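The primary structure of each chain is shown beneath.
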Amino acid sequence: MAFFFGIVQDLFGRKRMIMLCNVLSVSGFALAFFFEPLGFKVAGLLCLWGFMEMISPALGLLSNELLVNPVRNFSFIFYTVSICLGGFLGNFLTTRFARYESLLQVIFWGYTLPLVLVVVLSPESPYFLLKSGKHDQLRAAVTRIGRINRLSPEQLQKALV
């Protein structure tokens, strides 16, 4: 699935793919939480599972494009540790909540809020901007990425050429 979604992200952009993941997450949450028939609940949980399958490659590819070493080397470790800690927290919360709907709300908001921040704060993928011919936005994105990664003015100029 990562290969397939990598190709789709190259066509539509990383941020759009993350937004699609958010839409899938909201749809899954709504189906599982607000509808009573079992079929809707299963469809909602499948949407949430699909969200997890799509978000991992999207965040991995975006971080590889926006970060430089040594920070880039730790991004995959950060995601892996975050997922593991989320699993531990989810298992712990399972013992504390009597209803799965309450657990579903905590998980939903725990994913949604950070992803909204990623979409708002992250620039678009330089590869997508270059491929789309958006050169002014590409220059602005590369400059912002350089500032975030604390590149020297010489390194930044070299990246812009």
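Residues numbered from 1 in each chain as written. Predicted model: local features only at pLDDT ≥ 70, side-chain atom pairs only at ≥ 80, totals over all residues. Heavy atoms only, no water.

### A short note on the confidence of the model for the chain
Alright, step 1. Of all residues in the chain, 96% have pLDDT values of 70 or greater, and the mean over the chain is 78.
Alright, step 2. Mean pLDDT per element in the chain: helix 1 (residues 2-12) is the minimum at 71, and helix 7 (residues 135-148) is the maximum at 81. (pLDDT = per-residue confidence, 0-100. Helix = DSSP H or I, 4+ residues; strand = E, 2+ residues; numbered from the N terminus.)

### Details of the side chain of Lys-41
Alright, step 1. For Lys-41, the location among the structural elements is in helix 3 (residues 38-66).
Alright, step 2. What makes Lys-41 buried here is its relative accessible area of 12%.
Alright, step 3. From its side chain, Lys-41 meets the backbone oxygen of Ala-32 in a polar contact 3.0 Å long. (Buried < 20%, exposed > 50% of the residue type's maximum accessible area, 1.4 Å probe, protein only. Polar contact = N/O pair within 3.5 Å; in protein donor to acceptor, adjacent residues only side chain to side chain.)

### Some thoughts on the packing of helix 3 against helix 4 (residues 71-96)
Alright, step 1. Running from N to C, helix 3 and helix 4 point in directions that differ by 155°, and their axes come no closer than 9 Å. Classified by the angle between their axes, helix 3 and helix 4 sit roughly antiparallel to one another. In terms of crossing hand, the pair formed by helix 3 and helix 4 is right-handed. Counted together, Ser-56, Leu-59, Gly-60, Ser-63 and Asn-64 of helix 3 and Arg-72, Ser-75, Tyr-79 and Ile-83 of helix 4 form the full contact between these two elements.
Alright, step 2. Residue composition of the contact of helix 3 with helix 4, by class: 3 nonpolar, 5 polar and 1 charged. (Axes fitted to C-alpha atoms, helices over the stretch in contact; angles between N-to-C directions. Parallel < 35°, antiparallel > 145°, perpendicular 65-115°, else oblique. Left-handed = near helix turned anticlockwise from the far one by under 90°. Contact = heavy atoms within 4.5 Å. Nonpolar A, V, L, I, M, F, W, Y, C, P; charged D, E, K, R; others polar.)

### Regarding the packing of aromatic side chains
Alright, step 1. Per the stated rule, a full pass over the model turns up 2 aromatic pairs.
Alright, step 2. Between Phe-29 and Phe-34 the ring centres are 6.1 Å apart and the planes differ by 85°, which places this aromatic pair in the edge-to-face class.
Alright, step 3. Look at Phe-35 and Phe-40: their rings are 4.8 Å apart centre to centre, the planes differ by 20°, and that puts the pair in the stacked class.
Alright, step 4. The exposure class of Phe-35 is partly exposed, given its relative accessible area of 37%.
Alright, step 5. Of the residues examined, Phe-40 reaches a relative accessible area of 37% and is grouped as partly exposed. (Phe/Tyr/Trp six-rings, centres within 6.5 Å; stacked < 30°, edge-to-face > 60°.)

### Observations regarding the environment of Leu-113
Alright, step 1. As for its position among the elements, Leu-113 is in helix 5 (residues 100-121).
Alright, step 2. Since its relative accessible area comes to 51%, Leu-113 is described here as exposed.
Alright, step 3. In this structure the C-alpha to C-alpha distance between Leu-113 and Asn-22, which are 91 residues apart in sequence, comes to 9.8 Å.

### Thoughts on the side chain of Ser-25
Alright, step 1. Within the fold, Ser-25 resides in helix 2 (residues 14-34).
Alright, step 2. Apart from residues no more than four positions distant in its own chain, Ser-25 is found in contact with Leu-48, Phe-51, Phe-108 and Thr-112.

### Thoughts on helix 7
Alright, step 1. End to end, helix 7 covers 20 Å across 14 residues, agreeing with the expected 20 Å (1.5 Å per residue, within 8%).
Alright, step 2. Of the positions making up helix 7, those classed as buried are Leu-138, Ala-141, Val-142, Ile-145 and Gly-146. When helix 7 is viewed along its axis, its buried side chains cluster within an angular range of 135° and face the same direction. Looking at helix 7, the residues exposed on the side facing more than 90 degrees away from the buried face are Asp-136, Arg-147 and Ile-148.
Alright, step 3. Contact partners of the buried residues in helix 7: helix 3, helix 6 (126-132) and helix 8 (153-160).
Alright, step 4. The positive-phi residue at the C-terminal boundary of helix 7 is Arg-150, with phi of around 55°. (Expected span 1.5 Å × (residues − 1). Arc of directions from axis to C-beta.)

### Side note on the nonpolar core
As a rule of thumb, soluble globular proteins bury nonpolar side chains together.
Alright, step 1. The biggest cluster of nonpolar side chains holds 14 residues, and the ones touching the most others in it are Ile-18, Cys-21, Phe-51, Ile-55, Leu-59 and Leu-115.
Alright, step 2. Where this core is concerned, the elements lending two or more residues are helix 2, helix 3 and helix 5.
Alright, step 3. Every residue in contact with Ile-18, bar those within four places of it in the chain, is listed here: Ile-55, Ala-58, Leu-59, Leu-62, Leu-115, Val-118 and Val-119. (Core = buried A, V, L, I, M, F, W, Y, C linked by side-chain atoms within 4.5 Å.)

### A closer look at a nonpolar patch on the surface
Alright, step 1. On the surface, a nonpolar cluster with roughly 540 Å² of combined accessible area is contributed by Phe-74, Ile-77, Val-81, Leu-85 and Phe-88.
Alright, step 2. Residue placement: Val-81 occurs in helix 4.
Alright, step 3. Taking the relative accessible area as the measure of exposure, Val-81 reaches 42% and is therefore partly exposed. (Patch = residues over 30% accessible without salt bridge, like charges linked within 9 Å, V, L, I, M, F, W, Y side chains within 5 Å. Areas by Shrake-Rupley, 256 points an atom, 1.4 Å probe, with all protein chains shown as cover. Salt bridge = Lys/Arg side-chain N within 4 Å of Asp/Glu carboxyl O.)

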